[in-house]
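Residues per chain, in single letters:
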Amino acid sequence: AHIHFLSGSLGLAYIDLTGVCTLETIQQKIAAYAKAHPEKQWITGRGWEYYCFPNKRLPRKEDIDAVVKDRPVLLTAYDGHTAWANSKALERADINRATRFEAYGEIVKDPDGQPTGALKEGAIALVRKHVPAITRQEKLDALRQGMKLAASLGITSMQNASGDEEELSLYQELERNNELTVRISFALSIPPEAPLTRADEVAALAKRYSKGLVRVRGVKLMMDGVIESFTAAMLEPYANHNGTGSPAWTQQKFEAMVARCHRNGLQVFTHAIGDRGVRLTLDAYQKAQSSLPRDARHRIEHIEIIHPDDLPRFAKLNVLASM
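Residues numbered from 1 in each chain as written. Predicted model: local features only at pLDDT ≥ 70, side-chain atom pairs only at ≥ 80, totals over all residues. Heavy atoms only, no water.

(A) Main features of the overall build of the protein. Scanning the protein from N- to C-terminus turns up eleven helices and twelve strands. Over its C-alpha trace the protein gives a radius of gyration of 20 Å, about what one expects of a compact globule, namely 20 Å for 323 residues. Structurally, the protein occupies a C-alpha span of about 60 × 50 × 35 Å along its principal axes. A buried classification covers 48% of the 323 residues belonging to the protein. In the form shown here, the protein has an accessible surface area of approximately 15,800 Å², with 52% of it arising from carbon and sulfur atoms. For the protein, the distance from the average site of its 42 positive side-chain charges to the average site of its 39 negative ones is 4 Å. (Helix = DSSP H or I, 4+ residues; strand = E, 2+ residues; numbered from the N terminus. Rg over C-alpha atoms; globule rule 2.2 N^0.38 Å. Buried < 20%, exposed > 50% of the residue type's maximum accessible area, 1.4 Å probe, protein only. Areas by Shrake-Rupley, 256 points an atom, 1.4 Å probe, with all protein chains shown as cover. Lys, Arg positive; Asp, Glu negative; His and termini not counted. Charge placed at Lys NZ, Arg CZ, Asp CG, Glu CD.)

Put into C-alpha cells, the structure is as follows:
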C-alpha cells in the first residue's frame, strides 16, 4: 500500500544496515563493503536506525571516518529522513561551520558550529547531489532485481508513494518489453516549492496512464518529517527536545495544492506523522471536500501520533488511515 520501489531496488546493491544495531557491527559492515568495492567512488547505503548509537545520539562523521576516510560515504536512515555522512563527503559538498540551510531540514552542528555529519530532511540533498548519477540502465537492472524479490514473496501489486515522470518511464519501458511482473500505481511527488500547476500536470498523466500495469492515480505530499529526528510536526513540545517540529508547507499553500488536486480528480497521499501534521492535513481535506464533495479516498500516511479529537474525522471525511 505504500512503497518506494526504485530506491528500495537500488538499495539491494548498496550497504544494507537493516537490523544491524551496534556501532561496532555497523562499522564492520561499512568497512567490509568498502574493501569489497574498491572501484566505488562513493560508498552509499541505508537502513540504520536511530536508537542503535551510543546514548541514542545521532551518528557522527567520526564514526565512519574511523573505518573509511579515503572516500566519501553517505548512509541514509531506514526511513529516508536523515542521512549520515563522513568527513570526506562533507568536504566534497563544501559543508562547514559557515554553511547555512534555510529550507525544510537541518545540517546538524555541534555547539562550536562544526557539522556533525548528520543531515535532516532537505539538507540531505546538499550531499546527495554530489553522488555520481545512477544511469538509466542501472535503474532498470535494479528494478528487475527488485521484481524478482517481490515475486519470490508473492507480491504482484503495489502503490508507489513517490516518483516523477523519469521514474514512471522506467516501468513503462519494462511493460513495453513484457518484463513487468507487478501492477504499479503511482502517486507522483509534489514538493512544497512546486507551483500549483504541477497538480494539473499530474492530472494529465493520470488520464494518459489509466489502464495497463502502470497507472498514475494521485499525488504524494510531505507535511512533516519523523519523530526520531524531531522533525514531525507536533501540537505540544517534545518531551526530550526543544520545540514542536515544523510543517513542510504553509497551511495556505498546502490547502491550495490539496484543493487543486481534489478538483483534478486525484487521490492525495500525505505523509503526516506528528499530531499537528495530521490535523493540518485533515483540515485541508475537509476544506477541499466541502467545496467539492466527492468520494476522493484521500489518504494520510503513517499517523504515528494523533490527537483523540481527530480520530472521528477520518470516518466523517472518508479519509484512509494508511498506517
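More follows now that the structure is in view.
(B) Representation of the pattern of salt bridges within the structure. This structure, assessed with the given rule, holds 19 salt bridges. Here Lys 287 ties to Glu 255 by a salt bridge, and the two come within 3.0 Å at their closest N and O atoms. In this pair, Lys 287 sits in helix α10 (residues 275-291) while Glu 255 sits in helix α9 (residues 251-263), placing the two residues 32 residues apart along the sequence. Residue classification places Lys 287 among the exposed residues on the basis of a relative accessible area of 51%. Via salt bridges that share partners, Arg 136, Lys 139, Glu 166 and Glu 173 belong to a single interconnected network. (Salt bridge = Lys/Arg side-chain N within 4 Å of Asp/Glu carboxyl O.)

(C) Broad picture of the state of the cysteines. The final tally for this structure, using the stated rule, is one disulfide. Between Cys 21 and Cys 52 runs a disulfide, and the two sulfur atoms are separated by 1.8 Å. Handedness of the Cys 21-Cys 52 disulfide follows from its S-S torsion of about -90°: it is left-handed. Of this pair, Cys 21 sits in the loop between β1 (15-16) and α2 (23-36) while Cys 52 sits in the loop between β2 (43-48) and α3 (61-65), placing them 31 residues apart in sequence. The buried category is assigned to Cys 52, whose relative accessible area is 7%. (Disulfide = S-S within 2.5 Å.)

(D) Summary view of the pairing of strand β7 (residues 157-160). Burial along β7 is one-sided: Met 158 and Asn 160 are buried, and none of Ser 157 and Gln 159, which face the opposite way, are. The pairing of β7 with strand β8 (residues 183-189) spans four bridges and is parallel. Of the residues in β8, the one forming a bridge with Ser 157 is Arg 183. The parallel pair β7 and β8 is bridged by helix α7 (residues 165-176), and the resulting crossover is right-handed. (Pairing = 2+ DSSP bridges. Right-handed = clockwise from strand over helix to strand, strands pointing away.)

(E) Spatial organisation of a nonpolar patch on the surface. Together, Leu 12, Leu 149, Leu 153 and Ile 155 give the surface a local cluster of nonpolar side chains, amounting to about 370 Å² of exposed area. Following the sequence through the fold, Leu 149 ends up in helix α6 (residues 136-152). (Patch = residues over 30% accessible without salt bridge, like charges linked within 9 Å, V, L, I, M, F, W, Y side chains within 5 Å.)

(F) Region of the structure containing the sheet that holds strand β10 (residues 267-272). The six strands lie next to each other as β7-β8-β9-β10-β11-β12, forming an open sheet whose pairing is parallel. The open sheet has two free edges, formed respectively by β7 and β12 (320-322), since each of these has just one partner strand. Here the average twist between neighbouring strands, direction ignored, is 25°. Two strands pair when backbone bridges link them, and strand β11 (residues 299-302) and β12 are joined in this way by three bridges, in the parallel orientation. Bridge pairing in β12 links Glu 301 to Ser 322. Its contacts with the sheet put α7 on β7, β8 and β9 (214-222), and the angle it makes with β9 is roughly 160°. Across the sheet, α10 is in contact with β10 and β11; its angle to β10 comes to roughly 160°. (Axes fitted to C-alpha atoms, helices over the stretch in contact; angles between N-to-C directions. Contact = heavy atoms within 4.5 Å.)

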